[in-house]
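A structural walkthrough
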Amino acid sequence: MLKSRRNLLSAVVIGLIASAVAMPSFAAEKKLTLGFAQVGAESEWRTANTTSIKEAAKAAGIELKFSDAQQKQENQIKAIRSFIAQKVDVIGFAPVVTTGWDTVLKEAKAAKIPVILTDRSIETKDDSLYVTMIGSDFTEEGRKAGQWLLDNYKAQGDVNIVELQGTVGSAPAIERQKGFMEVIKANPKFKVTRSQTGDFTRAKGKEVMEAFLKADPNINVLFAHNDDMAIGAIQAIEAAGKKPGKDIIIVSVDAVKGAFEAMMAGKLNVTVECNPQLGPQLMDIVKQVKAGKQLPKRINTKEGIFPMETAAKEFPNRKY
Ligand code: AHR
């Protein structure tokens, strides 16, 4: 009887010691939680970006709380507030528009939650409100699009360009337009005669292009701020009895698979790459931030440009 009581006691003591030893290593391996507020699901690019973030979080062992803002800033602000209330370790977001973030970012700062911007930048006087921004140089993308046009369009007389802008007030819409205009002004024959937002979606790209075609029978070039709007516009151009890629030269941005398919069909002339695969880099940065590492304020992604002639060769290598 006494012996079995002693055995029981030693078993309890051993158990307690074992769990005490196990506890610190459990605490050290505590999963990091990332709250991520995505723009929406407006384009093929965005879908690839979301997949990259979800897959990378899983691979890095980071718990991801994901929210889709359906392209509305107020939804992103709500999501960020909810991440603060849930005390996540890090907040990441791709801001729908550039302005109007200071209040909510001050709340995150007060709660000592670091913020990482991905894909799109913001305008703020206080850049201590975010740790770093990873994404593309949209102005450079606009420049590449403009330069391709100057180099490849053999202008006889004036070149009538229409522009499908991205979401009003968003960094890619503002900066792609800026870069494009900066370059094409070198040749006064190149003129943007119509410019309207298609909100980065196929449906709106098609709708706005239909209106452009009704208003003007002499369009030479379309500059679309993303491939999805270009693909929507291609449908409108064909419905109007014209040949996209020939009657109207099409220059766009993103380099998603849909654009390669359109290029291989001869309907889109060139796409400037904008890389959505930011997930692995983001997870890396989340870990570095939590480890107290110093990071540069801006980390740019490397990107190329793909004219129609390269599409068939490049298509099998495309990941998104
Ligand atoms: O912010 C990146 C842009 O957003 C992509 O070019 C566009 O397709 C997306 O919706």
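Residues numbered from 1 in each chain as written. Predicted model: local features only at pLDDT ≥ 70, side-chain atom pairs only at ≥ 80, totals over all residues. Heavy atoms only, no water.

A word on unusual backbone geometry
The backbone of glutamine 71 shows a phi angle near 60°, a positive value even though the residue is not glycine. Along the chain, glutamine 71 turns up in the loop between strand S2 (63–68) and helix H3 (73–85). Even without being glycine, lysine 87 reaches a positive phi, approximately 55°. Among the structural elements, lysine 87 can be located in the loop between H3 and strand S3 (90–93). Classification of lysine 87 as exposed rests on a relative accessible area of 69%. (Helix = DSSP H or I, 4+ residues; strand = E, 2+ residues; numbered from the N terminus. Buried < 20%, exposed > 50% of the residue type's maximum accessible area, 1.4 Å probe, protein only.)

Some words on the pattern of salt bridges
By the definition in use, this model includes 18 salt bridges. Glutamate 140 is the salt-bridge partner of arginine 143, the closest N and O atoms lying 2.6 Å from each other. Within this pair, arginine 143 and its partner glutamate 140 are both found in helix H5 (residues 138–152), separated by three residues, close to a single helical turn. Judged by relative accessible area, which is 27%, arginine 143 ranks as partly exposed. The exposure class assigned to glutamate 140 is partly exposed, which follows from its relative accessible area of 30%. (Salt bridge = Lys/Arg side-chain N within 4 Å of Asp/Glu carboxyl O.)

Digging into H5
Taking 1.5 Å per residue as the helical rise, H5 with its 15 residues ought to reach 21 Å, and the 21 Å between its terminal C-alpha atoms agrees with that figure. For H5, the set of buried residues is Phe138, Thr139, Glu141, Gly142, Ala145, Gly146, Trp148 and Leu149. If you check the start of H5, you find a side-chain oxygen 3.2 Å away from the backbone N of threonine 139, and it comes from aspartate 137. (Expected span 1.5 Å × (residues − 1). Polar contact = N/O pair within 3.5 Å; in protein donor to acceptor, adjacent residues only side chain to side chain.)

A few points about the domain arrangement of the protein
The domain boundaries assigned to the protein delineate domain 1 (32–136 + 276–302) and domain 2 (138–274). Listed as interface residues are 14 residues of domain 1 and, on the opposing side, 22 residues of domain 2. At the boundary of domain 1 and domain 2, one finds one salt bridge. Of the charged contacts, one joins arginine 202 and glutamate 44 as a salt bridge, the two residues approaching to 2.9 Å between their closest N and O atoms. Joining domain 1 to domain 2, the criterion identifies eight residue pairs in polar contact (both at pLDDT 80 or more). (Domains from an automatic or database assignment. Contact = heavy atoms within 4.5 Å.)

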